[in-house]
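# Fold and geometry: a report
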Amino acid sequence: MASPLPSNAPQTSISPDNGEYLMKFSIGTPPVDVYGILDTGSDLLWAQCLPCQRCYKQKNPIFNPSFSSSYNFLSCESIQCHLLETVSCSSEQACNYTYGYGSNALTEGVLATETIALGSNIFNNIVFGCGHNNTGGFNENEMGLVGLGGRNLSLVSQISSQLGTNIKFSYCLIPFHANPNFTSKINFGSISEVSGSGVVSTPLVPKDDKTYYFVTLEGISIGKNFIPYNNSSSQTVSKGNVFIDSGVPPTLLPEDFYNRLEQEVRKAIKLTPFQNPQLGSQLCYKRATMEDIAPTSAAHFDGGAAVPLVWTSIFISPMEGVFCFAMQPISDDVGIFGNFAQSNILIGFDLHKGIVSFKPTDCTKQ
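Rules and cut-offs
- Residues numbered from 1 in each chain as written.
- Predicted model: local features only at pLDDT ≥ 70, side-chain atom pairs only at ≥ 80, totals over all residues.
- Heavy atoms only, no water.
- Helix = DSSP H or I, 4+ residues; strand = E, 2+ residues; numbered from the N terminus.
- Rg over C-alpha atoms; globule rule 2.2 N^0.38 Å.
- Buried < 20%, exposed > 50% of the residue type's maximum accessible area, 1.4 Å probe, protein only.
- Contact = heavy atoms within 4.5 Å.
- Areas by Shrake-Rupley, 256 points an atom, 1.4 Å probe, with all protein chains shown as cover.
- Lys, Arg positive; Asp, Glu negative; His and termini not counted.
- Charge placed at Lys NZ, Arg CZ, Asp CG, Glu CD.
- Pairing = 2+ DSSP bridges.
- Axes fitted to C-alpha atoms, helices over the stretch in contact; angles between N-to-C directions.
- Disulfide = S-S within 2.5 Å.
- Salt bridge = Lys/Arg side-chain N within 4 Å of Asp/Glu carboxyl O.

Now for the overall build of the protein chain. Secondary structure summary: the protein chain contains four helices and 27 strands in total. Computed over C-alpha atoms, the radius of gyration of the protein chain comes to 21 Å, within 12% of the 21 Å expected from 2.2 N^0.38 for 366 residues, which places it in the range of a compact globule. When the backbone C-alpha atoms are referred to their principal axes, the protein chain occupies close to 65 × 45 × 45 Å. The buried share among the 366 residues of the protein chain stands at 53%. Across the protein chain, every contact between residues at least 6 apart in sequence was considered, and the portion connecting residues at least 24 apart equals 68%. Carbon and sulfur atoms make up 51% of the accessible area of the protein chain, which totals about 16300 Å². Averaged over its 20 positive side-chain charges, the protein chain has a centre that lies 9 Å from the centre of its 29 negative ones.

See the structure below:
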């Protein structure tokens, strides 16, 4: 029998959802279960709320704050209202918010406080967004979003403050290809330590934008060949050149680096790429699996942290019998280490120590 979790160690489940991951929590009194997108690249916790001005279709009932005895909207004068920069005052002095994402998704509503439960751990007066107008490609399983970024407003900052612990959490993401009925875990506080054999760590790089978890990617190896982030190996890599984002599926890399990487993948896989107008310019292969031909790969982070990238992390199947390279080029200099590449790794963030730790793990067996 599993020993009970310590009271300062919240834990809850994560389930895969078509390229995103949903974290289970409950909200309100009486509690209502919510499944929100797990997002280390933003700070706001929000859920769709009645009455809807414009809500996307949701499979489970939409949260109705009028049925919860612990719901309180924040006034414009409150300090918490101004933890977000994009707020305004309603005629009733409520704290209205607007929060946008890189994907052009948007949530608008009222900032409020509520009781949130993670497993058996209950947290009162957690600031969240009651979203009355939510748009931009959310699907019916997604009831909101859980911002786990580094600012004071994020859920991980708020619960760490109530627990009296430093910001510390870890999660394990099931691969995109896995059975969708599997779930894995996210741990907060004292049980989120990533330890044991196979653990590697890299420093977090503090920057002006406190939301993102910046680290330094020196390069990626494909087979025995190391492809440096910068074109010239003599050029030092700028610190904090990527951030780790559980809410973005592909790994996004500066165009020059991506092109050199793709060329190396093409050389390693001696097959004619599959082209299809639906897939655009992605590098794809017509195969039932890539397991037998995908090259051994690893992401090399500052401090000697080589993180293995298994075939399910670097090839994703967008359609039956086709696999595509799960990285994409961007025009920016700062890349994003997305959730495809993070799968089957126990990843721990420890803001007090200033490190991210990685441990290859079968997340389906968590």
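Having put the structure on the table, let's press on.
Take the sheet that holds strand β16 (residues 225-228) next. Reading across the sheet, the four strands line up as β16-β15-β20-β21 and stay open at both edges, with antiparallel pairing between neighbours. For this open sheet the edge positions go to β16 and β21 (305-309), each flanked by a neighbour on one side alone. Strand-to-strand, the axes of this sheet are offset by a mean angle of 25°, without reference to chain direction. Of the pairings in the sheet, the one linking strand β15 (residues 217-222) to β16 comprises four bridges and is antiparallel in character. Bridge pairing links I222 to N225 in β16. Where helix α2 (residues 255-268) meets the sheet, its contacts fall on β15 and β16, and the angle it forms with β15 comes to roughly 15°.

With an omega dihedral of 0°, the bond running from T29 to P30 counts as a cis peptide bond. The topology assignment puts P30 in the loop between β2 (20-27) and β3 (32-39). Here the bond from L50 into P51 is cis, since omega is -5°, no more than 30 degrees from zero. Among the structural elements, P51 can be located in the loop between β4 (46-48) and β5 (72-73). A positive phi angle, near 70°, is found at Q93, a position not held by glycine. Following the sequence through the fold, Q93 ends up in the loop between β6 (87-89) and β7 (95-100). Despite not being glycine, N344 shows a phi value in the positive range, around 55°. Structurally, N344 is set in the loop between α4 (339-342) and β26 (345-350).

Let us look at the state of the cysteines. Inspection of every chain in the model, using the stated rule, returns six disulfides. Bridging C172 to C363, the disulfide has an S-S length of 2.1 Å. Between C172 and C363, the S-S dihedral sits near -75°, and the bridge is therefore left-handed. Linking C172 in strand β11 (residues 168-172) with C363 in the segment after β27 (355-360), this pair joins segments that are 191 residues apart in sequence. Judged by its relative accessible area of 0%, C172 falls in the buried class.

Turning to the pattern of salt bridges, a few remarks are in order. Note that side chains of opposite charge can pair when their charged atoms are close. Tallying each qualifying case throughout the model produces twelve salt bridges. Linking E193 and K168 is a salt bridge whose minimum nitrogen-to-oxygen distance equals 2.6 Å. Taken as a pair, E193 in the loop between β12 (184-188) and β13 (200-203) and K168 in strand β11 lie far apart in primary sequence, 25 residues in all. Since its relative accessible area comes to 18%, K168 is described here as buried. Across the pair E264 and K267 runs a salt bridge, and its minimum N-O distance is 3.7 Å. Placement of both E264 and K267 in helix α2 is noted, with a separation of three residues, approximately one turn of the helix. Exposure remark for K267: the relative accessible area of 52% places this residue in the exposed category.

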